[in-house]
Amino acid sequence: MSLVDYATARQRDATPRTQRSWQIQPGLWLAWAVMLLALLAAFAPGLLTHYSPTQGVPGAQRLAPQAAYWLGTDQLGRDLFTRIVYGASQSLSAAFAAVAMGLIGGTTLGVLAGAVGGRTENTLMRLVDVLLSIPSLLLSLSVLILLGFGTVHAALAVGIASIASFARLARGEVVRVRRSEYVEAAYGSGGSFWLVLWRHILPNSLTAVIAFAALQFGQAILALSTLSFLGYGTPPPTPEWGLLIAEGRNYLATAWWLTTFPGIVVVAVVLAANRISQQIAGGGA
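Residues numbered from 1 in each chain as written. Predicted model: local features only at pLDDT ≥ 70, side-chain atom pairs only at ≥ 80, totals over all residues. Heavy atoms only, no water.

Note the cut-off: UniProt positions are given in the numbering used here, feature names are shortened, and annotations may be inferred rather than shown by experiment.
In the nomenclature of an unreviewed UniProt entry, the protein is known as ABC transporter permease of Candidatus Pantoea communis. According to its UniProt record, the protein has this under Sequence similarities (unreviewed entry): "Belongs to the binding-protein-dependent transport system permease family."

Structure representation (structure tokens):
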């Protein structure tokens, strides 16, 4: 979700909060159910399946969904449901690392620019403008080419690509809070720059940034899946959602389930993450 969409989500209408909460309960509960199931798959995959994610069953190649194999098997006889379950660990952990990197790096730059101002702000924000002018996928691919392929490097690439968005939002929030009357009163009472920054500016400006980090989690999953689909992420045979889609694209005519089910999982988790993050950003909207 872009910064414009995020700002729109925060501008709630005048509908009472209780009424809005009742209106969104079904979709929100479904989103939480999907996300909790994905987290369960990431942290305790053995509770959901007893098959191996990397070892195939002889004679079970490309079996259609059935009682023994809920989502079918792949070209090597591996249970697709099991590979999707174990792939959650790779996808979610990498997405979390990417968001954490963007949050820490971008917030640091944004807070520094908004709090110091002057030439420091101009220099940092021009750098942010340059980063924002580059498509995120192209920037991620450029970083991957420099660092090399793999899950960790893919997470770093997606995190670096998101730093500029976090920096711009953090800078805007800090500038808004810095001009508030209570901040001016704190300076007038003899508060130092760092004391006012720590006690007044940061607590009142980081709420929006943290909510935006929740919004970025779903986008990070999608970006990492895209990189893996292109062959720049997790190497086989380790299961990862984007890699599963890429491996099954050659069998669309004879084994449609190899790409369909991993794709549905990616879409469901991304939509669930966005729905939950919109709730957080809207404060009950």
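**Focus: the packing of helix α4 (residues 118–133) against helix α6 (residues 151–178)**
Inclusion rule: Angular values range over 0 to 180 degrees, each being the angle between N-to-C directions of two axes fitted as lines to C-alpha atoms, with helices fitted over their stretch in contact. Strands are runs of DSSP state E lasting at least two residues, helices are runs of H or I lasting at least four, and both sets are numbered from the N terminus onward. The crossing is said to be left-handed when, going from far helix to near helix, the turn is anticlockwise and less than a right angle, and right-handed when the turn is clockwise. Contacts are assigned to residue pairs that have any heavy atoms within 4.5 Å of one another. Charged means Asp, Glu, Lys or Arg here, nonpolar means Ala, Val, Leu, Ile, Met, Phe, Trp, Tyr, Cys or Pro, and polar covers whatever is left, Gly included.
At a closest axis distance of 9 Å, the pairing of α4 and α6 adopts a crossing angle of 140°. Between α4 and α6 the crossing geometry is left-handed. Contact residues: E121, M125, V128, D129, L131 and L132 in α4; A164, S165, A167, R168, R171 and V175 in α6. In the contact of α4 with α6, the residues fall into seven nonpolar, one polar and four charged.

**Considerations on the side chain of S228**
Put simply, the test is: A simple rule labels every residue: compare its accessible area, found with a 1.4 Å probe on the protein chains alone, to the largest value its type can have, and call it buried under 20%, exposed over 50%, or partly exposed in between.
Turning to its location among the elements, S228 is positioned in helix α8 (residues 193–229). For S228, a relative accessible area of 3% translates into the label buried. Discounting residues that sit within four places of it in the chain, S228 has contacts with G233, T234, E240, G242, L243 and A246.

**Focus on the UniProt feature "transmembrane region" (unreviewed entry) in the protein**
Feature annotation in UniProt assigns "transmembrane region" (unreviewed entry) to the following positions: residues 27–48, 94–115, 127–146, 152–170, 206–231 and 251–273. The span residues 27–48 carries 77% helix and 0% strand; its end-to-end C-alpha distance comes to 24 Å. Counting secondary structure, residues 94–115 comes out at 100% helix and 0% strand; the distance between its end C-alpha atoms is 31 Å.

**Some details on the packing of helix α5 (residues 136–147) against α6**
The test is simple: An angle below 35 degrees is read as roughly parallel, one above 145 as roughly antiparallel, one from 65 to 115 as roughly perpendicular, and any other as oblique.
Across the interface, α5 lies against α6 with an axial gap of 8 Å and an inter-helix angle of 140°. Here α5 is positioned oblique relative to α6, judged by the angle of their axes. Handedness of the crossing formed by α5 with α6: right-handed. Residue-level contacts link S136, L139, S140, V143, L144 and L147 of α5 to H153, A154, L156, A157, V158, I160 and A161 of α6. Split by residue class, the contact of α5 with α6 holds ten nonpolar, three polar and no charged.

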